[in-house]
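Structural overview
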Amino acid sequence: MTKYNYEFKRKVVNNYLNGKGGFKLLARKYGIAYPGQIRKWLIRFNALGNEGLKVQEGRRYYSFERKLDIVQLYLSTTCSYQNIATREGIPDASFIAQWVRIF
């Protein structure tokens, strides 16, 4: 079970886009412990639209080849973990950070 559902994320992102507050103000208003979470939602929304805010069901399995491709992509560009995660459809950038550390 996720902490924030799609409708909640959409409401917070809409408030940000409509100028109703910054990350800190909206985090305080909606009880979000980490204001950077709103920034992550905004990045995913800008890259993937509404699909970027939807809750992903179940665990995902990434093959060794897929992980290696993503690690090589990270090492060969100046993109951040978050940018690559968003572009590649990986729900959490920390997965990529872990793969890079292991590599």
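One can find the structure itself at the top, above this paragraph.
Residues numbered from 1 in each chain as written. Predicted model: local features only at pLDDT ≥ 70, side-chain atom pairs only at ≥ 80, totals over all residues. Heavy atoms only, no water.

1. Details of the overall build of the protein chain
Threshold: Helix and strand definitions here come from DSSP, where helices need a minimum of 4 consecutive H or I residues and strands a minimum of 2 consecutive E residues; each element is numbered from the N-terminal end. Between buried and exposed lies partly exposed: a residue is buried under 20% and exposed over 50% of the maximum accessible area for its type, with that area taken using a 1.4 Å probe on protein chains only.
Of the regular secondary structure elements, the protein chain holds 6 helices and 0 strands. Going from the N terminus to the C terminus, the protein chain shows its helices and strands as α-α-α-α-α-α. When its C-alpha atoms are laid out on the principal axes, the protein chain stretches across 40 × 30 × 25 Å. Counting over 103 residues, the protein chain shows a buried share of 31%.

2. Focus: the side chain of threonine 86
For the record, the criterion: Any pair of residues with heavy atoms lying within 4.5 Å of one another is described as a contacting pair.
Position of threonine 86 among the secondary structure elements: in helix α5 (residues 81-88). Residue threonine 86 is classed as buried on the basis of its relative accessible area, which comes to 4%. Filtering out sequence-adjacent residues up to four positions away, threonine 86 remains in contact with Ile43, Arg44, Ala47 and Leu48.

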